[in-house]
Amino acid sequence: MFNLEEELKKLPGKPGVYLMHDASDEIIYVGKAISLKNRVRQYFQKSRNVTPKIQRMIDRIAWFEYIVTDSELEALVLECNLIKEHSPRYNTMLKDGKSYPFLKATVQEAYPRLLFARQMNRDGSRYFGPFTSGKAIRDTIELVNELFHLRSCRRSLPKDIGKERPCLYHQIGQCPAPCQGGVPEEEYRKNFERALKFLQGDTKEIVRELTEKMTRASEAMQFEEAAQYRDLIHSIEQVTERQKITSEDNEDRDIVAMARGGDEAVVQVFFIRGGKLIGREHYYLTGVEEEENANVLSAFIKQMYSGTPYIPREIWTEEEVSDGEAILTWLSAKRGRKVYFRVPKRGEKERLLELAKRNAYMVLTKDAEKLKAERARTIGAMEEIEGLLGLQGLSRVESYDISNINGFDTVGSMVVFENGKAKKNDYRKFRIRSVSGPDDYGAMEEMLTRRFEHSRRENLSELDSFRHLPDIIFMDGGKGQVNIAEKVLLNLNITIPVCGMVKDDHHRTRGLYFRNQELPIDTHGQGFRLITRIQDETHRFAIEYHKLIRSKTQVHSILDDIPTIGATRRKALMRHFESLEQIKNATLEELKEVPEMNERSAKEVIKALRGGQEE
């Protein structure tokens, strides 16, 4: 039993990370502290002054744990990792964990190449980026290879020189075939160095060369060749046109600006590399209501840069970031060189930051209705259901269904919704073992017993979906199904509300069965639509699993080995009898009652299953 007062006394005055758990063992908040004793105690002081959001979180805390670290920096890194792993509901969360690709120049090779790379490695290569578009990288590689006649093959040179025929790129005049010794290594490397200058933004020289070649070809009336040079120049102009924002200092920096609306925020990031804007991206944050801007920016930066391998020298923000010194120490360690926060106040720098902020507001405004609609169909729908049932704090919903055909291959399904959204990684399938025949109640009892007994096992993995108990259980059915679930929970001494999803004669959801009464529900509301989605998803998942099992068992069964019993008669027997055992024990007359069966086929069944002995 967790004794709050005693545990608070044990807290050390050292840096570390604390994890707040609710009654179902879910981690609902992760934080870091320079002194765990001082920070964690603040949550439980009567004189505390906290936001309503933090108060709601405190009200749900059932127990806490902590991890002591050697420094505040270690605590910050651990906090980032735990937030990413657990996605606690009361932390400010980055909704889209994007990662950005790089252009990789294998300068360490004898005949270097340009490659597409998902991450930076310390392999001696030179990296450009990150870029916001993988297509942009591939287009750039294709253009540069064509301009500077670089190879794109995977051959190990010079070891593989002369071992294979040259590729198609050599045939069309794009590659000088270093694989055949067609170009000296020194000459090839000079071309590659020119390509690197081009990637750094020095395009004037190559444009001048191409323009001269285009003019000469045109004067010689070689119009097809001139058109090729013209197209190459146009491609270069398109690449350089994207880099409108420039800076004379050629630094790498990210410009970070934010727009807020309710519990949502949009953060716009401009990626400046070598003084040029190579791309921009926006990110959605949730859980920002009642949080100060400095805290929201801090949460964003920690989550954003924990997932990207490239850290720029500078990060520009609108205002100071909370935990700024610790974050800079962490980022500098990741980068291997000093990283700086800048808060521009005037001039061109402030203009760039304001441009990013305007872009963030445009995205927020444009998506405001979409975000509002998304919230209504998820969190808003859960709130409607809470109001209908008279409950609070419903987040995780588990729903169950049984599927079989006349008792054959009975299976069960468990689907999970959190905050109104399907959580498919937590879906589970059950092959029913103890029940034969069409006994849905018995099958449901077995499935629920196995599910909740599993949750009591020790040392469950964090990835085990059975580790987390639901806030409410939805049964695909009415009173009977609800009673079965409540019986299982009572036997296991678990208290979870159970609700039945009741359908009408046309198999359409008409209401909820809860606490021994059927509750009517507004069929035009978001709550009703969510219940319908849950019910349909539960049914779909069960049916799909049952089809899979049937397809496996029907690929070959003992009935398939009986002469005169084809697919039609096998299915007819399975529909007529509840199990293979019943087919085995059936008399000749009982087998002949199946419309598709005749006397000969019935005798073949008896012969195969009982050695020809009719009882």
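These numbers were taken from a predicted model, which means no experiment stands behind them. (Residues numbered from 1 in each chain as written. Predicted model: local features only at pLDDT ≥ 70, side-chain atom pairs only at ≥ 80, totals over all residues. Heavy atoms only, no water.)

**Comments concerning the overall build of the chain**
Along the chain, the regular secondary structure elements total 20 helices and 20 strands. Of all 615 residues assigned to the chain, the portion counted as buried reaches 47%. As displayed, the chain has an accessible area near 32300 Å², and 47% of this comes from carbon and sulfur atoms. (Helix = DSSP H or I, 4+ residues; strand = E, 2+ residues; numbered from the N terminus. Buried < 20%, exposed > 50% of the residue type's maximum accessible area, 1.4 Å probe, protein only. Areas by Shrake-Rupley, 256 points an atom, 1.4 Å probe, with all protein chains shown as cover.)

**Notes on the sheet that holds strand β8 (residues 253-261)**
Reading across from one edge, β4-β10-β9-β8-β11-β12 is the order of the six strands in this open sheet, with mixed pairing throughout. Edge strands, defined here as strands with exactly one partner in the open sheet, are β4 (93-94) and β12 (340-342). Looking at chain direction, β8 and strand β9 (residues 264-273) are connected through nine bridges and run antiparallel. Paired with Ala257 across the strands is Gln268, a residue of β9. (Pairing = 2+ DSSP bridges.)

**Considerations on the environment of Phe528**
Position of Phe528 relative to the elements: it lies in helix α16 (residues 526-555). By relative accessible area, which is 13% here, Phe528 ends up buried. Along the chain, Phe528 and Leu512 lie 16 residues apart, while their C-alpha atoms are 9.6 Å from each other. Discounting residues that sit within four places of it in the chain, Phe528 has contacts with Thr509, Ile521, Asp522 and Thr523. (Contact = heavy atoms within 4.5 Å.)

**Thoughts on the packing of aromatic side chains**
In total, this model carries 10 aromatic pairs according to the counting rule given. Taken together through their ring pairs, the aromatic side chains of Phe2, Phe44, Trp63 and Phe64 make up a single cluster. Sitting over the ring of Phe116, Arg138 keeps its end group 4.0 Å from the ring centre. One residue, Arg451, lies across the ring of Phe452, its end atom 4.6 Å from the ring centre. (Phe/Tyr/Trp six-rings, centres within 6.5 Å; stacked < 30°, edge-to-face > 60°. Lys NZ or Arg CZ within 6 Å of the ring centre and 35° of its normal.)

**Side note on the packing of helix α4 (residues 72-86) against helix α11 (residues 324-335)**
Two elements in contact, α4 and α11, have axes whose closest approach is 9 Å; the angle formed by their N-to-C orientations is 80 degrees. When the axis of α4 is compared with that of α11, the two are roughly perpendicular. Listed contacts from α11 to Glu72, Leu73, Leu76, Val77 and Cys80 of α4 are Ala326, Ile327, Thr329 and Trp330. The residue inventory of the contact of α4 with α11, partitioned by class, reads seven nonpolar, one polar and one charged. (Axes fitted to C-alpha atoms, helices over the stretch in contact; angles between N-to-C directions. Parallel < 35°, antiparallel > 145°, perpendicular 65-115°, else oblique. Nonpolar A, V, L, I, M, F, W, Y, C, P; charged D, E, K, R; others polar.)

**Considerations on helix α10 (residues 293-306)**
Given a rise of 1.5 Å per residue, 14 residues ought to cover 20 Å, and the 20 Å separating the end C-alpha atoms of α10 matches this to within 8%. The element α10 is extensively covered by neighbouring structure, given that 11 of its 14 residues are classed as buried. Among the residues of α10, Ala294, Val296, Leu297, Ser298, Ala299, Phe300, Ile301, Lys302, Gln303, Met304 and Tyr305 are the ones counted as buried. (Expected span 1.5 Å × (residues − 1).)

**Points about the confidence of the model for the chain**
Detailed conclusions should not be drawn from predicted coordinates in areas where pLDDT is low. Averaged over all residues, the pLDDT of the chain equals 83, while 90% of them reach at least 70. The weakest mean pLDDT in the chain belongs to helix α9 (residues 223-241) at 73; the strongest belongs to strand β17 (residues 472-475) at 94. Contacts for the low-pLDDT stretch residues 241-246, under 50 throughout, to residues beyond four places or in other chains number 12 contacts. (pLDDT = per-residue confidence, 0-100.)

**Considering the side chain of Arg396**
In this fold, Arg396 is placed in strand β13 (residues 396-405). Reaching out from Arg396, the side chain makes a polar contact with the backbone oxygen of His468 at a distance of 3.5 Å. (Polar contact = N/O pair within 3.5 Å; in protein donor to acceptor, adjacent residues only side chain to side chain.)

**What to know about the state of the cysteines**
Per the stated rule, a full pass over the model turns up zero disulfides. This cysteine, Cys153, is not joined by any disulfide, and Cys179 carries the nearest cysteine sulfur, 5.9 Å off. On the basis of relative accessible area, Cys179 is assigned to the buried category, the value being 6%. (Disulfide = S-S within 2.5 Å.)

**Some remarks on the sheet that holds strand β5 (residues 102-105)**
Read from one edge of the open sheet, three strands run β6-β5-β7, paired in antiparallel fashion. Here the strands that pair on one side only, and so sit at the sheet edges, are β6 (114-117) and β7 (126-128). Each adjacent strand pair in this sheet contributes to an overall mean axis angle of 30 degrees, direction not counted. Of the pairings in the sheet, the one linking β5 to β6 comprises four bridges and is antiparallel in character. Opposite Lys104, over in β6, you have Leu115 as the bridge partner.

**Side note on helix α3 (residues 52-60)**
Taken together, the buried positions of α3 are occupied by Lys53, Ile54, Met57 and Ile58. One side of α3 holds all its buried residues, which, seen down the axis, span an arc of 140 degrees. Where α3 is buried, its residues contact β1 (16-21) and β2 (27-33). (Arc of directions from axis to C-beta.)

**Describing a nonpolar patch on the surface**
Taken together, the side chains of Leu168, Tyr169 and Ile172 make up a nonpolar region of the molecular surface, amounting to roughly 340 Å² of accessible area. Within the element layout of this structure, Ile172 appears in the loop between α6 (168-171) and α7 (185-199). (Patch = residues over 30% accessible without salt bridge, like charges linked within 9 Å, V, L, I, M, F, W, Y side chains within 5 Å. Salt bridge = Lys/Arg side-chain N within 4 Å of Asp/Glu carboxyl O.)

**A closer look at the side chain of Lys53**
Relative to the helices and strands, Lys53 resides in helix α3. Since its relative accessible area comes to 5%, Lys53 is described here as buried. At 2.4 Å, the side chain of Lys53 and the backbone oxygen of Gly287 are in polar contact. For Lys53, the contacting residues outside a window of four places in its chain are Tyr90, Thr92, Gly287, Glu289, Glu290 and Glu291.

**Overview of unusual backbone geometry**
The omega torsion of the bond from Leu157 to Pro158 falls at 10 degrees, within 30 degrees of zero and hence cis. With respect to the helices, strands and loops of the structure, Pro158 is situated in the loop between α5 (134-148) and α6. Its identity is not glycine, yet Ser87 carries a phi of approximately 45 degrees, on the positive side. Structurally, Ser87 can be placed in the loop between α4 and β4. Of note in this structure, Glu290 is not a glycine but carries a positive phi near 70 degrees. Following the sequence through the fold, Glu290 ends up in the loop between β10 (276-286) and α10.

**Details of the pattern of salt bridges**
In total, this model carries 36 salt bridges according to the counting rule given. Of the charged contacts in the structure, one is a salt bridge between Glu446 and Arg450, with a shortest N-O distance of 2.7 Å. One end of the pair is Glu446 and the other is Arg450, both in helix α14 (residues 440-454) and four residues apart, which spans about a single turn. Given a relative accessible area of 11%, Glu446 falls into the buried group. Judged by its relative accessible area of 23%, Arg450 is partly exposed. Among the charged side chains, a salt-bridge network with shared partners connects Arg396, Glu398, Glu418, Lys423, Asp426 and Arg451.

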